Amino acid sequence: MRIVRYREASFSRLGALTEEGAVYQLEASDLMELVDEARAKGLSPSEHVTGLIAGKVPIAFSLEELELLTPVDAPEVWAAGVTYLRSKEARNYEATGGKLDATTFYDKVYEAERPELFLKSTLARTVGPGQRVCLRSDSNWQVPEAELGLVLDREGIIIGYTAGNDMSCRDIEGENPLYLPQAKVWSRSCSIGPAVRLAETVADPYALQIICRIYRNGEKLVDEQASTGMLKRRLEELVTFLKRDNELYDGTVLLTGTCLVPPNQFTLDSGDRIEIEIEGIGILANTAVYKHELT
Ligand code: DO4
Ligand code: MG
């Protein structure tokens, strides 16, 4: 069972998306209200939703016809880094220009007990499916990072899974690791969606295929795939470190790091269409533009 949000006239609606692709309108205003309703009844969110839609008629529109919004209003989006071997190799390339002859801080964090965690985005900086993500004007090496996102409640319980794009500037990060916030955080540098798959409906979160495709003028330039099975850490381990001495808010999203990095010569350009597909969640599609091109 997946949860989506969509626009209907000037309203934001919550919807249940079934395995068959039917969308049912839900009365709850957002995902966390739905979770609270389920908990009050002693049900899992998916059991609660199944009961709510039983005998009801789906809306007249298919998912593709809806104007989707972020599936959850994430007050904060955090991200883990260097959680896959592929990410460690790519960061080492950025930091050394490919002339690697020493152990770097990326090697160290990959092996360390403490993971890399950083504040990636806030509600106002995060966009949803179909919306435009932004490129930085002062970078010449930009890539999307396709990541599995955990949707958490204030206790750090994993409510569900979504797809996320951790837009990144490889040149700024490679120049100096202290520039990480600038390499990662700017207007519209993060997208999430298209749906939240309720956690109890995912048989094995370590066996999800993640695909990243990038199109330019209709031509597919990047098409890479990997599996969450290659994740170096446990999801609970990342959440435990995020929670430690920290304040979490309902609907916080934790991106779990990228396992897909486009070829080193690739950089995003204005107009590129980015598709991040995660098995069982859906396709998160966004077009990249510069901020001054937003109307
Ligand atoms: O070390 C910098 C960021 C790493 C990251 O975003 C990732 O591995 O996905
Ligand atoms: Mg990342």
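Here the structure is a predicted model, which means the values were calculated and not measured.

Thoughts on the overall build of the chain
Next up, step 1: Across its full length, the chain carries seven helices and 18 strands.
Next up, step 2: Computed over its C-alpha atoms, the radius of gyration of the chain comes to 19 Å, within 12% of the 19 Å expected for a compact globule of 295 residues.
Next up, step 3: Projecting the C-alpha coordinates of the chain onto the three principal axes gives extents of approximately 65 × 45 × 30 Å.
Next up, step 4: Out of the 295 residues in the chain, the part that is buried amounts to 44%.
Next up, step 5: A separation of at least 24 residues holds for 74% of the contacts in the chain among residues at least 6 apart in sequence.

Looking at the pairing of strand β3 (residues 23-26)
Next up, step 1: When strand β2 (residues 11-17) meets β3, the two strands line up antiparallel, connected through four bridges. Each bridged residue has a counterpart across the sheet, and for glycine 15 the counterpart in β3 is glutamine 25.

Details of helix α2 (residues 45-53)
Next up, step 1: Considered for burial, the residues of α2 that qualify are Pro45, His48 and Val49. Buried positions in α2, seen along its axis, are confined to an arc of 95° and lie on one side of it.
Next up, step 2: Buried-residue contacts for α2 involve β2, α1 (31-40), β11 (158-166) and β13 (190-198).
Next up, step 3: One or two residues past the end of α2 sits glycine 55, with phi positive at roughly 75°.

What about the confidence of the model for the chain?
Next up, step 1: Model confidence for the chain is summarised by a mean pLDDT of 96, while 99% of its residues fall at 70 or above.
Next up, step 2: What the predictor reports for the complex is a pTM of 0.97 with an ipTM of 0.99.

Considering α1
Residues that lie three or four places apart on an α-helix share one face, since the helix turns once every 3.6 residues.
Next up, step 1: Turning to α1, its buried residues number three or more, namely Leu31, Leu34, Val35 and Ala38. Axial view of α1: buried residues confined to an arc of 100°, hence all on one face.
Next up, step 2: Close packing links the buried residues of α1 with β1 (2-8), β2, β3, α2, β11 and β13.

Re the site of ligand 1
Next up, step 1: Contacts to ligand 1 come from Ala79, Gly81, Val82, Thr83, Ser87, Arg91, Glu116, Glu145, Asp166, Gly257 and Thr258.
Next up, step 2: Looking at side-chain class alone, the shell around ligand 1 contains two nonpolar, five polar and four charged residues.

Things to note about the environment of leucine 255
Next up, step 1: Looking at the secondary structure, you find leucine 255 in strand β16 (residues 252-258).
Next up, step 2: Here leucine 255 falls in the buried class, since 29 other C-beta atoms lie within 10 Å of it.
Next up, step 3: Separated by 72 residues in the primary sequence, leucine 255 and alanine 183 have C-alpha atoms spaced 16 Å apart.
Next up, step 4: Every residue in contact with leucine 255, bar those within four places of it in the chain, is listed here: Val77, Ala79, Ala80, Lys120, Glu147, Gly149, Gly164 and Asp166.

Quick word on the sheet that holds strand β15 (residues 219-227)
Next up, step 1: One open sheet holds the five strands; their spatial order is β8-β18-β17-β14-β15, and the pairing between them is mixed. Strands with a single pairing partner mark the edges of an open sheet, and in this sheet they are β8 (132-135) and β15. Across this sheet, the average inter-strand angle for adjacent strands is 25°, counted without regard to direction.
Next up, step 2: Alignment of strand β14 (residues 209-216) against strand β17 (residues 273-278), held across six bridges, turns out to be antiparallel. Residue isoleucine 210 lies in a different strand from β17, and its bridge partner there is isoleucine 278.

Thoughts on unusual backbone geometry
Next up, step 1: Backbone torsion omega between glycine 193 and proline 194 reads 0°, so that peptide bond is classified as cis.
Next up, step 2: As for its placement among the helices and strands, proline 194 is situated in strand β13.
Next up, step 3: Positive phi values are uncommon outside glycine, yet aspartate 245 reaches one of about 55°.
Next up, step 4: For aspartate 245, a count of 4 C-beta atoms within 10 Å translates into the label exposed.

So, how was this worked out
- Residues numbered from 1 in each chain as written.
- Chains lettered and ligands numbered in written order.
- Predicted model: local features only at pLDDT ≥ 70, side-chain atom pairs only at ≥ 80, totals over all residues.
- Helix = DSSP H or I, 4+ residues; strand = E, 2+ residues; numbered from the N terminus.
- Rg over C-alpha atoms; globule rule 2.2 N^0.38 Å.
- Buried ≥ 20, exposed ≤ 12 C-beta atoms within 10 Å, placed from the backbone.
- Contact = placed C-beta atoms within 7 Å.
- Pairing = 2+ DSSP bridges.
- Arc of directions from axis to C-beta.
- pLDDT = per-residue confidence, 0-100.
- Near = placed C-beta within 6 Å.
- Nonpolar A, V, L, I, M, F, W, Y, C, P; charged D, E, K, R; others polar.
- Axes fitted to C-alpha atoms, helices over the stretch in contact; angles between N-to-C directions.

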